[in-house]
Amino acid sequence: MRLQLSLSLLLASAGVVAAPIDERTVHAGDTELRIMVDAADHARADTLHRWLAEVAKAELAVSGRFPLASAQVRVEEIRSDDPSPVPWGQTSRRRNVAVLLYVRDDATLEELRSDWTAVHELAHLFHPYLGMRGRWLAEGLASYYQNVLRARIGLLSQEQAWQRLDAGFGRGRGAVTGIRLDELGRRGTMRVYWAGAAYWLEADLALRVRDSSLDAVLAEYARCCLQGTATVAPEAFVAELDRIADADVFSSLYQRYAAAREFPSLDAAYRQLGITTDDGRLRFSQQTAASRLRQAIMGRRSAN
Ligand SMILES: [Zn+2]
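Just so we're clear, the structure is a prediction, and the values are computed from it rather than from any experiment.

1. Quick notes on the nonpolar core
Inference 1: Leu-141 and Ala-195 are the most contacted members of the largest nonpolar core, which totals 83 residues.
Inference 2: Here the element with the most residues in this core is helix α7 (residues 189-208); it accounts for 12 residues.
Inference 3: Split by domain, this core shows at least three residues from each of two domains, domain 1 (2-126) and domain 2 (135-298).

2. Points about the pairing of strand β4 (residues 88-93)
Inference 1: In this sheet, strand β5 (residues 97-104) lies alongside β4 in antiparallel orientation, the contact comprising six bridges. Looking at β5, one finds that Gln-90 is bridged to Leu-100.
Inference 2: Where β4 folds back onto β5 in an antiparallel hairpin, the turn is made up of three residues.

3. Description of the sheet that holds strand β3 (residues 70-78)
Inference 1: The strand order β1-β2-β3-β5-β4 describes an open sheet built from five strands, whose pairing is mixed. What marks the edges here is a single partner per strand, and that holds for β1 (22-28) and β4. Here the strands of the sheet are splayed against their neighbours by 20° on average, with no regard to which way each runs.
Inference 2: In this structure, β1 lies alongside strand β2 (residues 31-38), joined through seven bridges in antiparallel fashion. Bridging across to β2, Arg-24 finds its partner in Ile-35.

4. Details of the pairing of strand β6 (residues 275-278)
Inference 1: As judged from the four bridges shared by β6 and strand β7 (residues 281-284), these two strands associate in the antiparallel manner. Counterpart to Ile-275 in the pairing with β7 is Phe-284.
Inference 2: Hairpin connection of β6 to β7: two residues between the antiparallel strands, including Asp-279 at a positive phi of 55°.

5. A word on helix α6 (residues 158-173)
Inference 1: Its 16 residues place the ends of α6 23 Å apart at the C-alpha level, agreeing with the 22 Å of an ideal helix rising 1.5 Å per residue.
Inference 2: All buried positions along α6 are accounted for by Gln-158, Ala-161, Trp-162, Leu-165, Gly-168, Phe-169 and Gly-172. Buried residues of α6, seen end-on, are gathered within an arc of 120° and therefore sit on one face of the element.
Inference 3: Tucked into the core, α6 has its buried residues touching α5 (135-152), α7, β6, β7 and α12 (288-298).

6. Let's talk about the environment of Val-192
Inference 1: Examined against the element boundaries, Val-192 turns out to sit in helix α7.
Inference 2: Overall, the presence of 25 C-beta atoms within 10 Å leaves Val-192 in the buried class.
Inference 3: Note: C-alpha distance between Val-192 and Arg-104 (88 residues apart in sequence) is 27 Å.

7. Considering the confidence of the model for the protein
Inference 1: For the protein, per-residue confidence averages 92 on the pLDDT scale, and 93% of positions sit at 70 or higher.
Inference 2: Here residues 1-13 is modelled with pLDDT under 50, and outside its nearest four sequence neighbours on either side it reaches seven contacts, counting other chains as well.

8. Considerations on the domain arrangement of the protein
Inference 1: Along its sequence, the protein is carved into domain 1 (2-126) and domain 2 (135-298).
Inference 2: Here domain 1 and domain 2 have C-alpha centroids that lie 26 Å from each other.
Inference 3: In this assembly, 21 residues from domain 1 lie in contact with 18 residues from domain 2.
Inference 4: Contributing elements (two or more residues each) for the side of domain 1 that touches domain 2: α2 (42-60) and α4 (117-123).

9. Looking at unusual backbone geometry
Inference 1: Positive phi, normally seen in glycine, also occurs at Asp-211, with a value near 60°.
Inference 2: Summarising the element assignment, Asp-211 is placed in the loop between α7 and α8 (214-224).
Inference 3: The class for Asp-211 is exposed, based on 7 C-beta atoms found within 10 Å.
Inference 4: Its identity as a non-glycine residue notwithstanding, Asp-246 has a phi of 55°, on the positive side.
Inference 5: Note on placement: Asp-246 falls in the loop between α9 (234-245) and α10 (250-259).
Inference 6: Classification of Asp-246 as exposed rests on a count of 10 C-beta atoms within 10 Å.

10. Looking at the environment of Asp-204
Inference 1: Tracing the chain through its elements places Asp-204 in helix α7.
Inference 2: Its 22 C-beta neighbours within 10 Å are what place Asp-204 among the buried residues.
Inference 3: In the structure, Asp-204 is positioned 45 residues away from Val-249 in sequence and 9.2 Å away in space, judged by C-alpha atoms.
Inference 4: Not counting residues within four places of it along the chain, the set of residues in contact with Asp-204 comprises Ser-213, Leu-214 and Ile-297.

Rules of the game
- Residues numbered from 1 in each chain as written.
- Predicted model: local features only at pLDDT ≥ 70, side-chain atom pairs only at ≥ 80, totals over all residues.
- Core = buried A, V, L, I, M, F, W, Y, C linked by C-beta atoms within 7 Å.
- Buried ≥ 20, exposed ≤ 12 C-beta atoms within 10 Å, placed from the backbone.
- Helix = DSSP H or I, 4+ residues; strand = E, 2+ residues; numbered from the N terminus.
- Domains from an automatic or database assignment.
- Pairing = 2+ DSSP bridges.
- Axes fitted to C-alpha atoms, helices over the stretch in contact; angles between N-to-C directions.
- Expected span 1.5 Å × (residues − 1).
- Arc of directions from axis to C-beta.
- Contact = placed C-beta atoms within 7 Å.
- pLDDT = per-residue confidence, 0-100.

This is how it looks when you write it as structure tokens:
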């Protein structure tokens, strides 16, 4: 990144004009996502915008609108040997909310479409900043939705999405144990991400037996309460979600998860979903209630 900045400065001082930042806005109801692409030329900017229009659809697959009235996505290209087409992404919450994505300048559209980073970063817009104690909640939500939302818009098959969630849970189980989840902070990243994802899967399942869903609760939270640049204590966030759901789902699950020193058991969740594991491969029951439940979570959203 530093190299590229100095190159831009060099070009500017040599009188070479770089392509201007190409900004396009995706509107959804009363919300918008402003996408700014800093690419070498117009053709490359078009490619990056095609990719990001699809990523925006993933975010809309929760409720048909963006969680914030107006947020930005900024894309910078970098020269990198990193195997990932998007070596780095982060969300900035200063005066406004901006997702920053650093994209390898030789990454093809197909490589970008198969990467999870952009959908993960945009999923972070559904929650306020939750501090270090709430990091597992924040990373868990983004890790759950990075697979769910990609299945809903067809970037993954439903089976692939379940497989990736299950592989994530496997990595979480193999990570640091013996420390409370809310005290892990930046340590034990795999447990932070995937025990966090397990929390949101369990909450989603508990809501769906009440004819609600995580989508519905987060959509209402976005309408009533979400401030993208605010810091909210994790307990206050989950209490608000319970108020919206009119149930005690999030807070009691939160207490159990935050204090847990081991990866949670997902046996009951898998039974409910009709999923069994056989040597790392998932098998899906054809029983009606279980397949409807899986479909309700991962099924394609035709409206998008
Ligand atoms: Zn994240």
